[in-house]
Every structure is written in structure tokens, then in C-alpha cells.
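# A closer look at the structure
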Amino acid sequence: MTEHAAVVHGEMVPKGRVDALLHGGRAAPQRGAGNCATSHDDAADDRHHAAGHPAERLARAERQRRRWATQVVVIDELAQRACTERGLKPPAEVSPDRVLAVAETDVADLGSIVAAALAHSPAARLLLAELEGEQEVTEEAVREYYDRNRDRFLTAEALQRGVDPFDGVSSEDFVPYGQVREGVARELRRAAGRRAFFGWLDQAKAGVVYAVGHEHPGDPAHPDHEHRH
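For clarity, every value in this text was computed on a predicted model and none was experimentally measured. (Residues numbered from 1 in each chain as written. Predicted model: local features only at pLDDT ≥ 70, side-chain atom pairs only at ≥ 80, totals over all residues. Heavy atoms only, no water.)

### Considering the confidence of the model for the protein chain
Residues with a pLDDT of 70 or more make up 73% of the protein chain, whose mean pLDDT is 79. A low-confidence stretch, residues 25-50 (pLDDT under 50), is modelled with 38 contacts involving residues beyond four sequence positions or located in other chains. (pLDDT = per-residue confidence, 0-100. Contact = heavy atoms within 4.5 Å.)

### A word on the packing of helix α1 (residues 15-22) against helix α3 (residues 54-85)
For the pair α1 and α3, interaxial distance at closest approach is 9 Å and the crossing angle is 115°. Here α1 runs over α3; the crossing is right-handed. Across the interface between the two elements, Arg17, Val18, Asp19, Leu21 and Leu22 of α1 pack against Arg65, Arg66, Ala69, Thr70, Val72, Val73, Asp76, Glu77 and Gln80 of α3. (Axes fitted to C-alpha atoms, helices over the stretch in contact; angles between N-to-C directions. Helix = DSSP H or I, 4+ residues; strand = E, 2+ residues; numbered from the N terminus. Left-handed = near helix turned anticlockwise from the far one by under 90°.)

### Digging into unusual backbone geometry
Phi at His9 takes a positive value of approximately 50°, unusual for a residue other than glycine. Tracing the backbone through its elements, the reader meets His9 in the loop between β1 (4-8) and β2 (11-14).

### Considering the packing of aromatic side chains
Within the structure shown, the criterion is met by three aromatic pairs. With a centroid separation of 5.3 Å and 70° between ring planes, the pair formed by Tyr146 and Tyr177 is classed as edge-to-face. Separated by 31 residues along the polypeptide, Tyr146 in helix α7 (residues 139-148) and Tyr177 in helix α9 (residues 177-204) bring together distant segments of the chain. Judged on exposure class, the residue Tyr146 and its partner Tyr177 are both buried. These aromatic residues form a ring-pair network of at least three members: Tyr146, Phe153 and Tyr177. Here Arg143 stacks its cationic end above the ring of Tyr177, 4.4 Å away from the centre of that ring. (Phe/Tyr/Trp six-rings, centres within 6.5 Å; stacked < 30°, edge-to-face > 60°. Buried < 20%, exposed > 50% of the residue type's maximum accessible area, 1.4 Å probe, protein only. Lys NZ or Arg CZ within 6 Å of the ring centre and 35° of its normal.)

### Brief notes about the nonpolar core
Most often, soluble globular proteins have nonpolar side chains that are buried together. The biggest cluster of nonpolar side chains holds 35 residues, and the ones touching the most others in it are Leu78, Val114, Leu118, Leu127, Phe197 and Trp200. The set of elements that each furnish at least two residues to this core consists of β1, α1, α3, α5 (112-120), α6 (122-134) and α9. By residue number, the principal contributor to this core is α3, which donates 10 residues. Apart from the residues lying within four places of it in its own chain, the contact partners of Val114 are Ile75, Phe197, Phe198 and Leu201. By size, the runner-up hydrophobic cluster in this structure holds 13 residues, among which are Tyr146, Ala158, Val163 and Tyr177. (Core = buried A, V, L, I, M, F, W, Y, C linked by side-chain atoms within 4.5 Å.)

If you want it as C-alpha cells, here you go:
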């Protein structure tokens, strides 16, 4: 039995880091791990019946939590390496038994794994901030966003009157561009920084090899893979 959860560019990530995250109490979402795929043969029907047993559902959920936590730990490891490569001083590693609260909006925007990794890993947060700061947002892009999303910039009075922002509206019904420009630019830069972070992560994870039982929870190669319609 291997003592590592993954191999990152030739170096082993010990299972102990995954265990420490799991035993912190808030490491992974408590969610069902039943396989909802439709099957057309007896063997698959038998597997589906077994998956419905409470003990099997619990065991499957725990295996998926381990895979989920492995992803969080691997992202932290990759981010620490990226910070070093960029000449950034990696922040002190967060205590493995503490994960910062994860905002529901972040889960919706980033996915649960990346949102939790950012909450867990100071290095990942530093890298994201660095990537965000590198993004250039042109005046043209900000103005285009303002013009294309006029419904977001109605004044309070216009909203109370039920003004249609795309029909029969006057310029007085909108918050002036100058008042919202900085906020729009900040929002666009943040979105661009997140896209850059995902792009970096996709490339960085290409060199990761996972031990059995620590694969991505959505990897169809393992038997606990969830397929939801």
C-alpha cells in the first residue's frame, strides 16, 4: 500500500496531508455519492441495488470525500510551487485542522474544490491575487460592459418606477458611468484573474499522478464516479 496520495512532478504528496484536512471537521461537503447512471444489464442493476444500501452509501461518500480532499491538498502543493517559481514568498501553511469558511457564492462561481482550496491554502490565494493583478482591463472593455448591461446600472428611483432599461428610458435613469467605472473595472479584473487561475491550474495538474483511491471524484475511471442527469 502506498503512503502517498499523489505524485506532483516527481515528488510525493503524503497521505498524512489529506488525513489532516479530512480530520479537521470541515474538509469536504457531506453529500451523497450514489451512482445515478441508468444501466441495461443485470450486473449493473446489482451494483445499483448495492449502492442503495445505507452502509454502502456511507462508504462511498467517505471515499469520495477523500478524493475531494486530495484535490484540495494537491492544489495547495501546486500553488506553493508556483509562488516559489514566481519569486513570491509562500505564506505559512494554514493549520491542517482549520479550513476557512467557504462562501456559497464562491462555490457557485468556482466549484467546491477550487473554492475550498482557496480557503485552505494561503499560497493559492496569493497566486490568485498575483494573477488578478497582472490582468489589464481596457477602458473600452469597461465601457462596453457598462453599455451592454444597462439593467445593472439603473438608479434606485428608476427601479422603484419599474423602468425598462431597454425601452423608453432616459439617461437620468442610469447611474453615471464615471460613478461605476472603477467598480466595473475591478469586477472585470477579478473575473479575468479567476480565468487565469483556472488556466494555470489546468496546466499544472497535467503533471499530477494520483494514487488509487485518491483520483478526482468525478473521474469516470473509478467505481464511485457519480453520473447525474
